[in-house]
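Letter by letter, the chains look like this.
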Amino acid sequence: MTMFFNSLRLAMRSTLANKMRSFLTMLGIIIGVMSVIILVSIAQSTTSSITNAISSMGSDLLTVSVTDEDITLDLDDFMTLADYDGIAGVAPYLTVSSTARSGSTYTSVSAVGVTGDYMEIAGSDLESGRGIVASDLEWRTYTAVIGSGVAGDLFESYDVIGKTFKMSGHTFTVVGLLSESGSSNDSQILIPLTTAQRIADSTAITSAYVQATSTNTVDIAQAQAEYQMLLLTRDEDSYDVYNMSELLDTLDDVMSTLSLMLGGIAAISLLVGGIGIMNIMLVSVAERTREIGIRKAIGARRSHIMMQFLIEACVLSILGGLIGLGLSALGLQIFGMIADMTIAIEWRAAIIALLFCVVIGVAFGSYPAAKASKMTPIEALQRN
Amino acid sequence: MLILEHLYKTYYVGDETVHALDDASLHVKPAEFVAICGPSGSGKTTLMNVIGCLDQPDSGRYILDGVDVAECSDNELSMIRSEKIGFVFQQFNLLDSMSALENVELPLIYQKLSQKERIERAKAALDQVGLSNRMLHRPSQLSGGQQQRVAIARALASNSRVILADEPTGNLDSKSGNDVMRMIQRLSSEGYTIVLITHNEEIARQAQRTVYVRDGRLFRSLEEAEQL
Ligand SMILES: Nc1ncnc2c1ncn2[C@@H]1O[C@H](COP(=O)(O)OP(=O)(O)OP(=O)(O)O)[C@@H](O)[C@H]1O
Ligand SMILES: [Mg+2]
């Protein structure tokens, strides 16, 4: 055990003695670890933001959308879906992209025109105030329910009820605040559907959420929705009906494949880093031949020499891994600042990357270390 | 202590054969101080490498302290070098990246001593060679004579009873050479077994007994050697 700590101290010292060379040696590992952690973390947090948005809506939900621009359905057409016994509710909606302004603060938002049932069906909760109600639709009022992200951007406060902002040339009054969901819903503004139709200057509606009576009847509801859409459009290629849980599964599949691919690419760069370490260790063994000879002459065993160089390789790779971890934390902070989102380090990826570094240190350090330990003492001493 | 009987070691380079050791026999008693004297290329270093278990002869028997070295494993040879033999080389062979103290400590690391014990022994050894005031100097910050004394301290620290010195004064001016020789004399009087290799008659005379080497063969007197 003292032997181990001595080798460790020695390895630290020779690493520090050649700072520039050690750094360049570790660079491959540093870049490898950084790319593993950063890529996987970004992929993961993007996925979880999307899946949060979808799963907050519930698995009894279908989305129905018209894909053919020539077919215009209106509110009443969509409401016929509600007549089926497998369908509990229908929430048609109309999204208009726009810019909201409060004082001198601008923010781009997606304003969603909704009916009174929308929030319940889509699974959005109120933090304070009220939702959009039937009379808002009847009077086409300029009222709005805003997400917490919008509240922060526009008013820098969650005390927003009664405040006003400008959007598409109209002044909207905030009547409600959505609870924070950690998903893209936080940057939504809900307005009455009829008001959205007026802004869009069209009564055409292209999408709706359809809620099944229960999670068990989603398939029935989906069949019924597809049947009714066929009746309405008379063209089976002009609409889509999605099942949310299906969507979620597909998304999960895509994202885990993506993570795996990114991880694989990054692992290859780690491997290249390992070869760099082997290269430098071989140089180091050649340079220190006389040292090896001296050590053997005064009593070092093969295993001592082996351990010394193996530990040195591990110190290089693990130190490189730790520096890579630190830099990726920094990189994610900066990326988060630029992209305006918080990205947490994916710890599983970090741990796997660091374990990989140990494996690389041992794997690529073994050959140089074995080479050093096999030298006979005179052979090593005679070389200068 | 050291019993060498009929050792042979032959090198073949191209179509030339060099008999570095040719029927070499030598007995060294405990606490004896033997000088091995011969011209360049006569086989002195080869002989020392064999005595120090750094190299094996092609044939012949070598018994060190009752142990037949030919039958030792690599680890056992390391142990013998660690515990029984102290080397002093012509080129000092200190590690440049370490202080004098750490260099002297080095053999003790391989004897698995605790750090406290190591430092204690290393300091005592440096004290013995009169370098307690240079413990933290690197070899490059020491004179040749001082470096050689560090090397002697390293041999002493390991508690080895046999000191093998290969031209220890070869790289030194006459004054530091004399210092080193005085030190070796003193070790001899303290009971260490010493094998000193040199090509210098005058230095060889300081030993209790001199063995002459010519072309790998050992002779008891200069006259015998000259007859060749
Ligand atoms: N590894 C080797 N391969 C081939 N020949 C060798 C080898 N080592 C030594 N020799 C030869 O063996 C002979 C004895 O060499 P050795 O080093 O023992 O001489 P030496 O007496 O120590 O000489 P010096 O006083 O110059 O150090 C020399 O002729 C040398 O050329
Ligand atoms: Mg020699």
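Residues numbered from 1 in each chain as written. Chains lettered and ligands numbered in written order. Predicted model: local features only at pLDDT ≥ 70, side-chain atom pairs only at ≥ 80, totals over all residues. Heavy atoms only, no water.

Colleague: Could you give an account of unusual backbone geometry, naming the residues involved and the relevant values?
Modeller: Residues and elements named next belong to chain A. For Glu 156, which is not a glycine, the phi torsion comes out positive at approximately 50 degrees. Its place among the elements puts Glu 156 in the loop between helix H6 (148–155) and strand S6 (164–167). You will see that Arg 234, though not glycine, has its phi angle at about 55 degrees, which is positive. For Arg 234, the location among the structural elements is in the loop between helix H8 (218–233) and strand S10 (239–243). (Helix = DSSP H or I, 4+ residues; strand = E, 2+ residues; numbered from the N terminus.)

Colleague: Lay out helix H5 (residues 144–157) of chain B with the relevant residues and their values.
Modeller: Residues and elements named next belong to chain B. Taking 1.5 Å as the rise per residue, H5 with 14 residues should run 20 Å; its terminal C-alpha atoms sit 20 Å apart, in good agreement. Taking burial as the measure, the 14 residues of H5 include 13 buried ones, the bulk of the element. A positive backbone phi angle near 65 degrees is found at Asn 159, which sits one or two residues after H5. (Expected span 1.5 Å × (residues − 1). Buried < 20%, exposed > 50% of the residue type's maximum accessible area, 1.4 Å probe, protein only.)

Colleague: So, the domain arrangement of chain A: which residues are in play, and what are the values?
Modeller: How big an interface is tends to be expressed through the accessible area that disappears when the partners come together. The domain boundaries assigned to chain A delineate domain 1 (2–52 + 250–383) and domain 2 (68–237). Once you take the C-alpha centre of each, domain 1 of chain A and domain 2 of chain A turn out to be 52 Å apart. (Domains from an automatic or database assignment.)

Colleague: So what about the sheet that holds strand S2 (residues 16–28) of chain B? Which residues, and what values?
Modeller: Residues and elements named next belong to chain B. Taken in spatial order, the four strands line up as S2-S1-S4-S5 in an open sheet, and their pairing is antiparallel. With partners counted over all chains shown, the strands left at the sheet margins are S2 and strand S5 (67–68), one partner each. One ladder, built from nine bridges, connects strand S1 (residues 2–13) with S2; its direction is antiparallel. Looking at S2, one finds that Leu 7 is bridged to Ala 24. This element, helix H1 (residues 44–51), spans S1, S2 and strand S4 (59–64) of the sheet and lies at about 125 degrees to S1. (Pairing = 2+ DSSP bridges. Contact = heavy atoms within 4.5 Å. Axes fitted to C-alpha atoms, helices over the stretch in contact; angles between N-to-C directions.)

Colleague: A description of a nonpolar patch on the surface should follow, citing residues and the corresponding values.
Modeller: On the surface, a cluster of nonpolar side chains totalling about 460 Å² of accessible area is made up of Ile323(A), Leu327(A), Leu330(A), Ile334(A) and Ile338(A). The topology assignment puts Leu330(A) in helix H11 (residues 302–339). (Patch = residues over 30% accessible without salt bridge, like charges linked within 9 Å, V, L, I, M, F, W, Y side chains within 5 Å. Areas by Shrake-Rupley, 256 points an atom, 1.4 Å probe, with all protein chains shown as cover. Salt bridge = Lys/Arg side-chain N within 4 Å of Asp/Glu carboxyl O.)

Colleague: Give me the lowdown on the packing of aromatic side chains, citing residues and values where you can.
Modeller: All names here are of chain A. Summed over the entire model, instances satisfying the criterion amount to seven aromatic pairs over all chains. Summarising the aromatic geometry, the rings of Tyr 118 and Tyr 209 are spaced 5.8 Å apart at their centres and angled 45 degrees between planes, so their arrangement reads as tilted. One end of the pair, Tyr 118, is in helix H4 (residues 118–122); the other, Tyr 209, is in strand S9 (residues 207–212), and 91 residues separate them in sequence. Judged by relative accessible area, Tyr 209 falls into the buried class, the value being 7%. Grouped by ring-pair contacts, the aromatic residues Tyr 93, Tyr 118 and Tyr 209 constitute a single cluster. (Phe/Tyr/Trp six-rings, centres within 6.5 Å; stacked < 30°, edge-to-face > 60°.)

Colleague: Tell me about the site of ligand 1, and please be specific about residues and values.
Modeller: Residue and element names in this part refer to chain B. Inspection of the region around ligand 1 gives 13 residues, with Ser 40, Gly 41, Lys 44, Thr 45 and Thr 46 positioned closest. Between ligand 1 and the protein, one listed contact pairs an oxygen atom with a side-chain N or O atom of Ser 40 at 2.6 Å. At 2.8 Å, a backbone N or O of Gly 41 approaches an oxygen atom of ligand 1. For ligand 1, whose unbound accessible area comes to 630 Å², protein coverage reaches 65%. Listing elements by their share of the shell around ligand 1, those giving two or more residues are S1, S2 and H1. Among the elements that line the shell around ligand 1, the one with the most residues is H1, at three residues. Residues of the shell around ligand 1, tallied by class, amount to five nonpolar, six polar and two charged. (Near = heavy atom within 4 Å. Polar contact = N/O pair within 3.5 Å; in protein donor to acceptor, adjacent residues only side chain to side chain. Nonpolar A, V, L, I, M, F, W, Y, C, P; charged D, E, K, R; others polar.)

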